[in-house]
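Here is how the chains run, residue by residue.
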Amino acid sequence: MIRALIAAALVLALAGCGVVPRPSMDTAGADTFEDDVRTARTLGEEFWNQQFRQLGRTYRPIEAFVPYAGGSGPDCGDQPAVPNNAFYCPIGHFIAYDERWMEALWNEMGDGSVYVVIPHELGHAVQAQLRTGFALNVQLELQADCYAGGTLSALVGSGVLGTEEGDADELLLSLAAAGDPTDDWLDPNAHGTAEQRQLAFAKGYRGGVGAC
Ligand SMILES: [Zn+2]
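Residues numbered from 1 in each chain as written. Predicted model: local features only at pLDDT ≥ 70, side-chain atom pairs only at ≥ 80, totals over all residues. Heavy atoms only, no water.

(A) Spotlight on the state of the cysteines. Tallied over the entire structure, the rule returns two disulfides. Here cysteine 76 is linked by a disulfide to cysteine 89, with a sulfur-sulfur distance of 2.1 Å. One disulfide, between cysteine 76 and cysteine 89, carries an S-S torsion of 85° and so falls in the right-handed class. Residue cysteine 76 is found in the loop between β1 (64-68) and β2 (86-89), and its partner cysteine 89 is found in strand β2; the two are separated by 13 residues along the sequence. Cysteine 89 carries the same exposure label as cysteine 76, and that label is buried. Cysteine pairing in the chain follows 1-2, 3-4, where each cysteine in a disulfide is numbered by its order in the sequence. (Disulfide = S-S within 2.5 Å. Helix = DSSP H or I, 4+ residues; strand = E, 2+ residues; numbered from the N terminus. Buried < 20%, exposed > 50% of the residue type's maximum accessible area, 1.4 Å probe, protein only.)

(B) Expanded view of the environment of cysteine 89. Residue cysteine 89 is classed as buried on the basis of its relative accessible area of 0%. In sequence terms cysteine 89 and glycine 77 are twelve residues apart; their C-alpha atoms lie 8.3 Å from each other.

(C) Seen up close, the coordination of the zinc ion. For the zinc ion, the full set of protein donor atoms is His120 (NE2), His124 (NE2), Glu141 (OE) and Glu141 (OE), at a range of 1.9 to 2.8 Å. If you look at the zinc ion, its four donor atoms make angles of 52 to 139° with each other, and the shape they trace is irregular. The motif formed by the donor residues of the zinc ion, counted along the single chain, is H-x3-H-x16-E. Here histidine 120 is found in helix α4 (residues 114-130), whereas its partner glutamate 141 is found in helix α5 (residues 137-157), with 21 residues between them in sequence. (Donors = N, O, S within 2.8 Å, 3.2 Å for Na, K, Ca; no water. Tetrahedral: all angles 85-135°; square planar, octahedral: opposite > 155°, others 65-115°.)

(D) The arrangement of the packing of aromatic side chains in detail. Enumeration according to the criterion identifies eight aromatic pairs in this entry. Their ring planes at 85° and their centres at 6.4 Å tell us that tryptophan 48 and phenylalanine 52 sit as a pair that is edge-to-face. Of this pair, tryptophan 48 and phenylalanine 52 both sit in helix α2 (residues 33-54), four residues apart, roughly one helical turn. Both rings, one in phenylalanine 201 and one in tyrosine 205, keep their centres 6.0 Å apart while their planes meet at 35°; by these two values the pair is tilted. (Phe/Tyr/Trp six-rings, centres within 6.5 Å; stacked < 30°, edge-to-face > 60°.)

Encoded structure:
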C-alpha cells in the first residue's frame, strides 16, 4: 500500500502536482515543529543505533543539534553556515539548521519535510562513520537521500511513524523543492536534480538502507 503510494506519488510529484494536504506522520502525538524535529532526531538515531549494532559496530550519537537564524549559524571548519540550509559538520559531529527556514518548510509542506531533512543529515553523519568512499558530492547527497528513505520506511514499518494519504507526496515534494535546477554532477555543491533525489529516496524506501 505504502509502496504503491510512493510510486504513484513519484509520478505525481514529477508531473508537478504541488497541492498537498498537511497530514501528521508521527504516531506519538508530536504536533509542534519542535516536537517533530525532536522525534525525527530521536527515531532516526535509534534506527542507526540498531543498524550499527547489527553490523557489530557502535553508532556515535550526534553531539548537538544546533538551530540558527539566517546567517548566524556555526562555522564548520572554514565553511560558514548559510541561510536556508541544514548541514552535518564532521568537525564536532553536529547537525545545524536554519530554524525559520525549516519551520517554513514544515508549515508549507507538512511535517514530512522535517522527516526528510533530518534523516538526510543523519545519513551524512553515518557516511562520516562508515567512510563511504564517494568522490563526487552528488553521490554522497543521493546516498544520504537513499538513507533517509530507508530510515523512514523502517520507522513506518515498525509502527513508530504512521503514514496517511498525502504523506508520500509531502516527502517527495520536499525533495523536489531541494533539487538542483540542472544535472551539473561535477559541481562540488551538487545535490542531484529533483528527479534524481526522489529516485534515490524511493530506492531506499523500497529496498531499505542496505540498498543504498
Ligand atoms: Zn546533503
